[in-house]
Each structure stands twice: as structure tokens, then as C-alpha cells.
Amino acid sequence: MWGWLLRRLGQIIPTLLILSVLIFALQQLMPGDPAIIMAGEERGDPQVLAEIRAELMLDRPLWEQYGAWLWRLLHGDLGFSWRIRQPVGELILEKLPVTLQLGLMAFVIAVVIGVPAGIVSAAYRDRPADWAANGIALAGISTPNFWLGIMMILLFSVNLGWLPPSGYVPLTEDWRQSLATTIMPAFVLGGGIAGVFMRHTRAAMIGALGQDYVRTARAKGLPERVVIGRHALRNALIPVVTLGTIELGRLLAGAVLTEQIFSIPGFGKLIVDAVFNRDYPVVQGVVVVTALIFVTLSLIGDLLYMAINPRLRVA
Amino acid sequence: MSASASPAVAPAGAPAVARADSPGRRALRRFFRHRLAVLGLVVVLVFVLAALLAPWIAPYDPVATSWSRIRRAPSALHWFGTDENGRDVFSRVLWGARASLMAGGLSVTAALLLGVPFGLLAGLAGGWVDTIISRITDAMLSVPFLILAIALAAFLGPALENAMLAIAISASPIFVRLARGMAMEAKATEWVEAARSLGNPPWRIAVLHVLPNIVPPLLVQATLSIAEAIIAEASLSFLGLGQQPPNPSWGSMLNAAQRFLTQAPWMAVYPGLAIFLVVLAFNLLGDGLRDALDPRARGR
């Protein structure tokens, strides 16, 4: 187990280093002079431009710029926003809890819908319940979540007037209002992932139901409810847990458009606003943090997989 | 070909007929038995035709504004209504199919051309070449697809071509990984061993012996990737990073529609429905191709 963990970390570190090079290289794709963008109104003043260039180390060779950037990154310094004039790390920390609330709600919705649907689908394989679950899952996966968001606003806010169309109230301020403002976006985010969960749970359950121990349990005369619930499900959920951590990371990507639609001031809206404002350090910072979260989650997923599947512990 | 695909084929339960039957023909028959996949193929073809024939079948000019026909509800004159500038939504949806399908098709083709050679190289060469290529792939896959595409498109600048390039780059690592895995599997087989012992150079083995065998899984992944790429293009255009106004694209139409949700909901309904249908069709097609080409992978 420890050997495995060391090997895994040995893979992650070079991966993250290469990623840092790629993220740094993004700057080089940028059209135009960053100093001019950053100077804003004062772009005509050569004195200001020279100062900015010196500050951003734009007058130094690339490898030196990268070295300095990486050094600051390793010390938790994600740079300084060009527009909001605030450290990027602070900005991200401010916005992250909002997205975390949204993401966790979406995750709960996805699990609560997706996993039981997958179990039912596998238990009633090739029957109407299975077709219905498969159809809904496929529709969920195929719906662009920003369109689903717009349609839900149209139905629940514009036509029925049940929920606010946009905005966000923090949990600490008023939990009822907070839930009212986040339930639609959480459903939009969770809906597509519920489809993914359903498909994987179904596949894993079908695999488990074909195993010898399930046949033995049935031969013993155990009721089907016990066979499915206690014997098949436990084994089927192992791959689903790993998948869950990966999907949790993917929620971050989904949050980008969903937060934009519902005007929720989270992590996703931060990157979109930064893109519009050409605030490149913020874009880079968001990508760095997303990758870190994603890599950490997949490591946790692997550890969980080892923890609940004793057969792998020796490997 | 058509004979084997017709309903005259023996039902699934019948014993196998001892007749010369190529694997390709069997795959084709499996595919056509899959009714939903055929439906997906038909819908995809309808959208492709709509995109190709848009200049002739669109009833109005997609960019012509008309101040006397602003935000009209759907009617016999304007099937999908008109938008905030009096443009015909139906015509714009037809023309928008061009941006979406082009982005889907071209960016996935580019991702294949970029990803497959590197994957084959990594899988066949092994050693440090494999290590470097694999770590770069891991690095790219550790950023969620859409965030990577948004970041790339942001730095490249807003334009449909740049959005397509961003999507292609973001979609390529999955093909590297797939081609690498398949090449490693193929490398261990006897027929590649035989080809090597006959003195074939590595590139020849890669192109003639490995590539044809990995086409089926690549085709399946490419179809599913097109679905993802279409959503990505719509997302980027929605954010203003793809197709630029006044040219129509489903994503940018939805962006405009959001501001008129109370007055003109039809502006939001139809472009989104078009994205949903075409993505659903590509997903059905991909699932059907997977069942037809690789029966072992069913239910994955």
C-alpha cells in the first residue's frame, strides 16, 4: 500500500510540473502586449509601460519568468488580478465556498437520483423501467446544462414565479433564501451527472448480479431484496465511489456556465468575468486551483477504492 | 451490403448460418439491429443536410435585421419566431447548424490527427518517450475539458476558429491515451511480433498493423467526442468566445435569448432544442457503434 502510494505521488509531481509549464505557456498565446492591457488608461505613457514590464519581468528571458512564477506559485502566491487589484488567491478563496455549496448540493442530487435509478434499471433489466431510466439518463447527459438552466428559469421563475431567477444568498445569512437561490442551479449541475451515475451503477450492478456469490445467495433462498441490497450492491458500489470523486471534480467545469446563467458569484463566474475582462492572472489561477482540486480528488478516489476493496490492498 | 442489413436477416435467436461473413458485415448488421442508433444516424444526417443546404432552404437571410418584426411569436411566417433584431429564428437555427457541426467535426478530426500519432508513438516506443507523452497527457487531463477549452480560447482571443482550436487541443489527450493503450495491447500480439520479425520498420508496423485494429474504438470515441465538442462550442459561443455576432451560432443565440426570457421565450427554446437533439443523436450513434464494433464493451 505504501509503495503504491509513493509510486502514485511519484507520478503526480511530474504531472503537476508539466501542467505548470503548460499553464505558464498560455500567456505566450496571448495576442498583444500584456503591459498595454494592464496599463489600461495609462497605456500611452512609456514610463508606466516600462515599470509594468519590469514588474512582470517581461524584459527577462522566458525561463527566468517561468522560474519566478513557479517559485511564487509554490509559496501559494497565484499572482495579482489586473482588474480587481487584489491577490488572485484571495479572490479564489472568497468565491470557492459558494461553488462548494452548489457543488455539494448538486452531488447529493446526482447520487440520490442516479444510484437508485441504476439499481432499479439493473434489477429490471430490459424491461420498461430500465428503458425509461436509460432514456432519461441519456437525455440528461445530452442536455447542455446552460440551456437546462434557462428553461428552468423560464418555467419556475418566469411562468410559475416559485423561485428567484438569479442571485445568491449565503447560507450563513438566511438558509431558506440560500436554498431557494441554489436549488435550481444545483439541479442543473447534478442532472447530467445523475445520468453518468445511473449508467455506471447499472453496469456495475449487472456485472455483480452475474457473479457466483449472487447465484449462491439466490440458491439459499434469500429474498431478492436482500440479494440485491446486501450482496450485489456492496460490490457494485466500489467502482461508483471512485467515479464519484472524479465527477465531483467535473462539477467545477459545469459550475462555470451554471453560475453564469444564475448570476451566482462563485468560482465559475470568476473565470468567466476574468475572461471578459482579459484578467489573465485570474484565468491562470483558476486553472491551477481546478487542476489541484481535480488531482487531489482522483487521488482520494484511488485511496477510497483501495480502502473498500480489500483485494487490492496487497497489490 | 444492403441485403445483409435488411429485415430478411435471421432473427437473433436463430443458430448461426455457416456462410462466409466478414466481421465488417456482421458489425454493420449489429448496428442496424440497434434501432435507436439508426435513429441517431438519421437525425445526424438531417442536421448535416440542414447545415449544407442552409443557403437554399432557409426562408430568410439569417443576419438581415428588420425593425418592424422584432420579437414576433412563432407563426406561419416565422416558424420559430423572430429575435430582438427582427431576424428569423428558424433561419438562424439552420445556419447555426453549420457552426456547431463544423466545430464538432473539424475539432474532433484535428484532435484525432494530433492525439493518435502521439498515442501510437508512446505505446510502441515505450521507455522515456512513453513517460514524457503520458505525463503531458495526464497533465492536460487533470484540467476539466471545458475549463481547459475556456482558458485556451480566452488566451487565443474570441473567434470561431480559435474556439475550434481550443476544443481540438482539449479533446486530444483522450485520443492519445486510447491509442497508446491499444498500441501497447497490439504490440504484445503474435501478428505484430511476426511483422516485426519479418523486418518491418516500426512506422510500418504502426500504420499497417496497429492502426487498422484500433480504428473501431477510435471511431466510437470520436463520435462521443463530437457530441462533447458541440456542447463545448455552444458553451464557448454562449460566453462570447466562439462565433462572433451577427453570425448565427446556437450558443450565442442562447446568450441573446437570456435577456428576453420574459418577452420572447421562443428565442431560448429552439436553439437549445437543436443542440439537445444533435448531441443526443451523436450519443445514440456512438452507443450503437460501440455495441456493433465491440460487443465485449457493452454496458460500459
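Residues numbered from 1 in each chain as written. Chains lettered and ligands numbered in written order. Predicted model: local features only at pLDDT ≥ 70, side-chain atom pairs only at ≥ 80, totals over all residues. Heavy atoms only, no water.

Let's hear about the packing of helix α4 (residues 89-125) of chain B against helix α11 (residues 266-293) of chain B: which residues, and what values?
Residue and element names in this part refer to chain B. With their axes 10 Å apart at the nearest point, α4 and α11 run at an angle of 35 degrees to one another. You can see that α4 and α11 cross each other, and the crossing is right-handed. On α11, the residues touching V89, V93 and L101 of α4 are M267, Y270, P271, A274, V278 and F282. Looking at the contact of α4 with α11 residue by residue, the classes come out as nine nonpolar, no polar and no charged. (Axes fitted to C-alpha atoms, helices over the stretch in contact; angles between N-to-C directions. Helix = DSSP H or I, 4+ residues; strand = E, 2+ residues; numbered from the N terminus. Left-handed = near helix turned anticlockwise from the far one by under 90°. Contact = heavy atoms within 4.5 Å. Nonpolar A, V, L, I, M, F, W, Y, C, P; charged D, E, K, R; others polar.)

Describe the interface of chain B and chain A, listing the residues and the values that go with them.
With 40 residues of chain B at the contact, the number on the chain A side is 45 residues. Approximately 3800 Å² of surface area, both sides summed, lies buried where chain B meets chain A, with 82% of it carried by carbon and sulfur atoms. Of all residues in chain B, the largest losses of buried area upon contact with chain A belong to B:R135, B:I147 and B:F155, amounting jointly to 20% of the total for that side. For A:R199, the salt bridge is made with B:D287, and the minimal N-O distance between the two is 2.6 Å. Counting the contacts that link chain B with chain A gives four residue pairs in polar contact (both at pLDDT 80 or more). Secondary-structure elements contributing two or more residues to the side of chain B that touches chain A are α5 (127-141), α6 (145-156), α9 (202-238), α10 (250-258) and α11 of chain B. Of all the elements, α11(B) adds the most residues to the side of chain B that touches chain A, at eleven residues. The class makeup of the residues in the side of chain B that touches chain A is 30 nonpolar, seven polar and three charged. (Buried area = accessible area lost by both parts, 1.4 Å probe. Salt bridge = Lys/Arg side-chain N within 4 Å of Asp/Glu carboxyl O. Polar contact = N/O pair within 3.5 Å; in protein donor to acceptor, adjacent residues only side chain to side chain.)

Break down helix α3 (residues 35-57) of chain B for me, with residues and values.
Residues and elements named next belong to chain B. Its 23 residues place the ends of α3 only 29 Å apart at the C-alpha level, less than the 33 Å of an ideal helix rising 1.5 Å per residue. At A51, α3 shows its largest bend, some 45 degrees, and a proline, P55, comes one to four positions later. Close packing links the buried residues of α3 with α2 (23-33), α4, α10 and α11. (Expected span 1.5 Å × (residues − 1). Bend = angle between axes of the 7 residues up to and from the residue.)

Describe a negative patch on the surface, and please don't skip the residues or the numbers.
All names here are of chain A. Together, E41, E42, D45, E51 and E55 give the surface a local cluster of negative charge. Considering the arrangement of structural elements, one finds E42 in the loop between α2 (34-39) and α3 (46-55). You can call E42 partly exposed: its relative accessible area is 48%. (Patch = residues over 30% accessible without salt bridge, like charges linked within 9 Å, V, L, I, M, F, W, Y side chains within 5 Å. Areas by Shrake-Rupley, 256 points an atom, 1.4 Å probe, with all protein chains shown as cover. Lys, Arg positive; Asp, Glu negative; His and termini not counted. Charge placed at Lys NZ, Arg CZ, Asp CG, Glu CD. Buried < 20%, exposed > 50% of the residue type's maximum accessible area, 1.4 Å probe, protein only.)

How would you sum up the UniProt feature "transmembrane region" (unreviewed entry) in chain A? Please name residues and give values.
Residue and element names in this part refer to chain A. Listed under "transmembrane region" (unreviewed entry) in the UniProt record, and renumbered for this structure, are residues 12-30, 102-124, 136-158, 178-198 and 286-308. The span residues 136-158 is 91% helix and 0% strand, and its two end C-alpha atoms sit 25 Å from each other. Between the first and last C-alpha atoms of residues 178-198 the distance is 28 Å; the span itself is 100% helix and 0% strand. (UniProt positions renumbered as here; feature names shortened; annotations may be inferred.)

So what about the UniProt feature "domain: ABC transmembrane type-1" (unreviewed entry) in chain A? Which residues, and what values?
The UniProt record marks residues 96-305 of chain A with the feature "domain: ABC transmembrane type-1" (unreviewed entry), using the residue numbering of this structure. As annotated, residues 96-305 of chain A has a helix share of 83% and a strand share of 0%, and its two end C-alpha atoms lie 27 Å apart.

Kindly report on a positive patch on the surface, identifying the contributing residues and their values.
Residues and elements named next belong to chain A. Judged by side-chain charge, R43, R83, R85 and R278 come together as a positively charged surface patch. Looking at the element boundaries, R43 is found in the loop between α2 and α3. A relative accessible area of 49% means that R43 is categorised as partly exposed.

Quick rundown of the confidence of the model for chain A? Include the residues and the values.
Predicted confidence across chain A gives a mean pLDDT of 83, with 97% of residues reaching 70 or more. The secondary structure element of chain A with the lowest average pLDDT is α2(A), at 72, and the one with the highest is helix α5 (residues 88-123) of chain A, at 89. (pLDDT = per-residue confidence, 0-100.)

So what's going on with the confidence of the model for chain B? Which residues, and what values?
Residues and elements named next belong to chain B. When pLDDT is averaged across chain B, the result is 83; 91% of the residues are at 70 or more. Predicted confidence in chain B is weakest over helix α1 (residues 2-5), with a mean pLDDT of 40, and strongest over α4, with 91. Contacts of residues 1-18 to residues separated by more than four positions or lying in other chains number eight contacts, the stretch itself having pLDDT below 50. Two numbers describe this predicted complex: its pTM, 0.85, and its ipTM, 0.84.

Tell me about the packing of aromatic side chains, and please be specific about residues and values.
All names here are of chain A. Taken as a whole, this structure holds twelve aromatic pairs over all chains when the rule is applied. Relative to Y66, the ring of F24 lies with its centre 5.4 Å away and its plane at 65 degrees, an arrangement referred to as edge-to-face. With F24 in helix α1 (residues 2-29) and Y66 in helix α4 (residues 62-74), this pair connects stretches of sequence that are 42 residues apart. Accessibility classification places F24 together with Y66 in one group, the buried group. (Phe/Tyr/Trp six-rings, centres within 6.5 Å; stacked < 30°, edge-to-face > 60°.)

Give me the UniProt feature "transmembrane region" (unreviewed entry) in chain B: which residues, what numbers.
Residues and elements named next belong to chain B. Within this numbering scheme, the UniProt entry marks residues 36-58, 101-124, 136-156 and 268-286 as carrying the feature "transmembrane region" (unreviewed entry). Secondary structure within residues 36-58 divides into 96% helix and 0% strand; the distance between the first and last C-alpha atoms comes to 29 Å. In residues 136-156, helix accounts for 86% and strand for 0%; the two terminal C-alpha atoms are 20 Å from one another.

Now, about the pattern of salt bridges: what can you tell me, with residues and values included?
Oppositely charged side chains can form a pair if their charged atoms are brought close together. Enumeration according to the criterion identifies eleven salt bridges over all chains in this entry. B:D138 is the salt-bridge partner of B:R135, the closest N and O atoms lying 3.0 Å from each other. Residue B:R135 and its partner B:D138 are both found in helix α5; the two are separated by three residues, about one turn of the helix. Its relative accessible area of 19% is what places B:D138 among the buried residues. A single salt-bridge network, built from bridges that share partners, covers A:R199, B:D287 and B:R290.

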